[in-house]
Amino acid sequence: MNKRQTAVQMDKNLNRREFIKTTAATTAGVATIASGITLTTYANVASENPVTNEKRWGMLIDTNKLTETDIDDMIDACQEEQGWGSEILSTGDQKSGWIKKIKVKDTATDRISNLALMCQHCEEPPCVDVCPTNASMKREDGIVLVDKHLCIGCRYCMMACPYDARSFVHEELTDQREHMPRGKGTVESCTMCVHKVDKGEQPACVEAVDSDAVIFGDLYDSNSKINQTLKKIQSAQIRADLNLNTAVRYSGI
Amino acid sequence: MSIIRYEQTQGKSLGFYALIAGLGAFILAALGAVYFMEHNGHHVTGMSNRIVWGLPHVFALFLIVAASGALNIASIASVFNKKVYKPLSRLSGLVALALLAGGLMVLVLDLGRPDRLIIAMTEYNFNSIFAWNIILYNGFFVIIGVYLWMMFERRMNKYSRTIGIAAFTWRLILTTGTGSIFGFLVARQAYDAVIMAPMFVIMSFAFGLAFFILVLMASYKWTARPLGNAIVNRLSNLLGVFVAAVMYFVTVYHLGNLYLAENSGVENFILVDGGIYTKLFWYGQIILGGLVPLALLYSPATKGNRTMLGLASALIILGGIVQLYIIIIGGQAYPMELFPGKEILEGYVGIAAYTPTLPELMLGLGGIAVAVIAITYLVKFLPFLPESLADDVVDPHHKK
């Protein structure tokens, strides 16, 4: 029997059970190593800059100072930073809207206010409570996020959110931002520009406003501008009756 | 009671194959619709970021709610010891399983990422009613499976009451869970009412029984087996009671909401000036799905007439689908109260529009087809149906 014949013979002998064994072992091996690599990567990032509950990132929007142009600039900056808003096939309410311009009129006095509405990063987020797969989650520093790898697209979080803050991706997407993977069939919302905040920067929408109509910072830090301003002025949470303790606060409404 | 003999249906007639072919066509259409929607993304549906759950959810929740209700017949026999219902227990379990399978199929195939079902099965957030429901639905399959085994296997018959009680308890929890999906949503004016949980339980009684009666009458008619009035009239009366109970809960739900100033807007929307939703409520849910069936079931002219019972059951099913449409779509269409005391002029305005598309409808109907085809096949392969349900077989006191 020459070598070639032996090989053929061995091939035949490689029965299904062995095939499954080998495949399973290989898969398990690759999976273990791959997850190891991933974990190490995350661990490195985390150890450099630990996210703790000693901070709580928040935002204060002063509707008396915020102009309509400011709001448009905020929306543009958010779209530019995160790459949403270029959906072509989605119509009207199907398009993503991480941040919206809201114009309200007081029914008694007819006073009109404009404000920017986005994820309010609740301390008790209903979206996180209802998410069946833990895809909706809150970081220790209060930022509410969607893990795009765990999201199954059930949209229960969108049913639960009192602020209409979440969007479902209704179509295939191209040309995404490297730091913000988005995917057809998953839910997304304002991340408070977590990728910038973790580098010590401010969210894109805050940077887009020249005045101090929007202040970003650590709500807990008594030296922070947001903390000091909130101590001085009247401010409100939207749907404060729900007791969700939002991280985005408004004054002037 | 005489000994009940169960027998498979023959399943060789032209009618059988025509039924299978017809249902098969619906299922193929549903799968085609799913491929279309998943391939393109949900932008090809009528759903949006305002109406996040559309027509598929209406069908899915209808089927899931009806599934737990279809089990009632078996529960009445085992838990409440009404012997006359006992011959129907096997079919009751089967219809429950089939409806749940159909409903879950629709629910899963409407996910944004149905390919990630494995995540839903492995990653649980125990604060989520949805996650609980996943466990409750899977458990329902297991419990009914065991229940059926106890009923089929003679030496296991003695355990069927115990497992029957477990199944009954499980199904009550399950429908409570389904109702709580909406009842615990604080954000929306139409939901956030704990009464929705018991209301869903009562709805399940009515929808499930209506579906069960249709299956029972059709299968006995098409297999030319005797089906006596003793059983049918009891089921008919029971159905009437359940429909009346649903209407009672609907009344209390709306009265409760009307009393609260914060909910008067949404009540006005559903009951008075909500356009399609108001029409669906009064003409569809209340008149066609409630008052007409009650009249058919109880008026002397139509009482005891099988065609009228069939019609009443069909109307109850239709009314049930309409009711879930109003709850699910109407409840989302009405805007959330973001700024009490203020009117929103821009950014989040007014009633959300929703026009269901054909693929969504086909997916929903496909769920019903899956349920019916499962029943049709399984009664052919396993002895679910007693060969006779004539009056003297089921009722020892029956006077000829």
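(A) How the structure looks around the overall build of chain B. Per the secondary structure count, chain B includes 14 helices and 3 strands. C-alpha extents for chain B along the principal axes are approximately 70 × 45 × 40 Å. Considering chain B as a whole, with its 400 residues, one finds that 50% of them fall into the buried category. Taking the intrachain contacts of chain B between residues at least 6 apart in sequence as the baseline, contacts between residues at least 24 apart amount to 79%.

(B) Local environment of the overall build of chain A. Scanning chain A for helices and strands turns up 8 helices and 9 strands. Counting across all 253 residues of chain A, residues that qualify as buried make up 40%. Pairs at least 24 residues apart make up 63% of the contacts formed inside chain A by residues separated by at least 6 positions.

(C) Broad picture of the packing of helix α4 (residues 89–109) of chain B against helix α8 (residues 196–222) of chain B. Residues and elements named next belong to chain B. At their nearest, the axes of α4 and α8 sit 11 Å apart, and the two run at 115° to each other. The chirality of how α4 crosses α8 is right-handed. Residue-level contacts link Leu91, Ser92, Val95 and Leu99 of α4 to Phe211, Phe212, Val215 and Leu216 of α8. Its residues assigned to classes, the contact of α4 with α8 comprises 7 nonpolar, 1 polar and no charged.

(D) Up close: the interface of chain B and chain A. Counting from both sides, the interface comprises 37 residues of chain B and, opposite them, 47 residues of chain A. At the level of elements, α5 (117–122), α6 (129–152) and β2 (342–346) of chain B are the ones that each hand at least two residues to the side of chain B that touches chain A. Here the side of chain B that touches chain A gets 5 residues from one element, more than from any other, and that element is β2 of chain B. Residues belonging to the side of chain B that touches chain A are distributed by class as follows: 19 nonpolar, 11 polar and 7 charged. Relative to β2 of chain B, strand β2 (residues 99–106) of chain A is paired through 4 bridges, and the arrangement is antiparallel. Paired with Lys103 of chain A across the two strands is Glu346 of chain B, which belongs to β2 of chain B.

(E) Spatial organisation of the nonpolar core. Residue and element names in this part refer to chain B. Formed by 195 residues in total, the largest nonpolar core has its most connected members in Leu63, Val95, Leu99 and Ala206. Among the elements that make up this core, the one with the highest residue count is α8 (17 residues). Setting aside residues no more than four positions away along its own chain, Leu99 makes contact with Leu63, Ala66, Ala67, Ala70, Phe211 and Ala371.

(F) Geometry of the sheet that holds β2 of chain B. With antiparallel pairing, the 3 strands of this open sheet are ordered in space as β3(A)-β2(A)-β2(B). Each of the sheet's edge strands pairs with one partner strand only, and the pair in question is β3 (112–118) of chain A together with β2 of chain B. Averaged over all adjacent pairs, the angle separating strand axes in this sheet is 40°, with direction ignored. Pairing geometry for β2 of chain A and β3 of chain A, over 7 bridges, is antiparallel. By the bridge assignment, Ile99 of chain A is partnered in β3 of chain A with Met118 of chain A. In the packing of helix α3 (residues 68–82) of chain A onto the sheet, the strands contacted are β2 and β3 of chain A, and the crossing angle to β2 of chain A comes to about 155°.

(G) Looking closely at the packing of helix α2 (residues 55–70) of chain B against helix α12 (residues 306–333) of chain B. Residue and element names in this part refer to chain B. One can describe the packing of α2 onto α12 by two numbers: an axis separation of 9 Å at closest approach and a directional angle of 125°. With respect to α12, the element α2 is oriented oblique. The hand of the α2/α12 crossing is right-handed. Residues His57, Val58, Leu61 and Phe62 of α2 lie in contact with α12, whose contacting residues are Gly320, Ile321, Leu324, Tyr325, Ile328 and Ile329. For the contact of α2 with α12, a count of residues per class yields 8 nonpolar, 2 polar and no charged.

(H) Broad picture of the confidence of the model for chain B. For chain B, mean pLDDT is 93; residues scoring 70 or higher make up 98% of the total. Both scores are given for the predicted complex: the pTM is 0.90, the ipTM 0.91.

(I) Structural detail: the confidence of the model for chain A. Confidence along chain A averages 87 in pLDDT terms, with 81% of residues attaining 70 or more. Contacts of residues 36–44 of chain A to residues separated by more than four positions or lying in other chains number 0 contacts, the stretch itself having pLDDT below 50.

(J) Main features of the environment of Pro386 of chain B. All names here are of chain B. Looking at the secondary structure, you find Pro386 in strand β3 (residues 385–386). Taking the number of C-beta atoms within 10 Å as the measure of exposure, Pro386 has 23 and is therefore buried. Between the alpha carbons of Pro386 and Pro87 there is a distance of 6.5 Å; along the sequence they are 299 residues apart. Other than its neighbours up to four places away in sequence, Pro386 contacts Ile4, Arg5, Tyr6 and Pro87.

(K) Summary view of the environment of Ile75 of chain A. Residue and element names in this part refer to chain A. Assignment of secondary structure puts Ile75 in helix α3. Once the C-alpha coordinates of Ile75 and Ala204 are considered, the two residues, 129 residues apart in sequence, prove to be 9.2 Å apart. Residues contacting Ile75, with those up to four places away along its chain left out, are Ile99 and Lys101.

(L) Main features of the pairing of strand β1 (residues 57–62) of chain A. All names here are of chain A. Across the 6 residues of β1, 6 count as buried, placing the element largely inside the fold. Here β1 runs beside strand β8 (residues 214–218); their pairing, made up of 5 bridges, is antiparallel. When the bridges of β8 are listed, Met59 appears paired with Phe216. Bridge analysis of β1 against strand β9 (residues 248–251) gives 4 bridges, and the strand direction is parallel. Paired with Ile61 across the bridge in β9 is Tyr250.

Parameters at a glance
Residues numbered from 1 in each chain as written. Chains lettered and ligands numbered in written order. Predicted model: local features only at pLDDT ≥ 70, side-chain atom pairs only at ≥ 80, totals over all residues. Helix = DSSP H or I, 4+ residues; strand = E, 2+ residues; numbered from the N terminus. Buried ≥ 20, exposed ≤ 12 C-beta atoms within 10 Å, placed from the backbone. Contact = placed C-beta atoms within 7 Å. Axes fitted to C-alpha atoms, helices over the stretch in contact; angles between N-to-C directions. Left-handed = near helix turned anticlockwise from the far one by under 90°. Nonpolar A, V, L, I, M, F, W, Y, C, P; charged D, E, K, R; others polar. Pairing = 2+ DSSP bridges. Core = buried A, V, L, I, M, F, W, Y, C linked by C-beta atoms within 7 Å. Parallel < 35°, antiparallel > 145°, perpendicular 65-115°, else oblique. pLDDT = per-residue confidence, 0-100.

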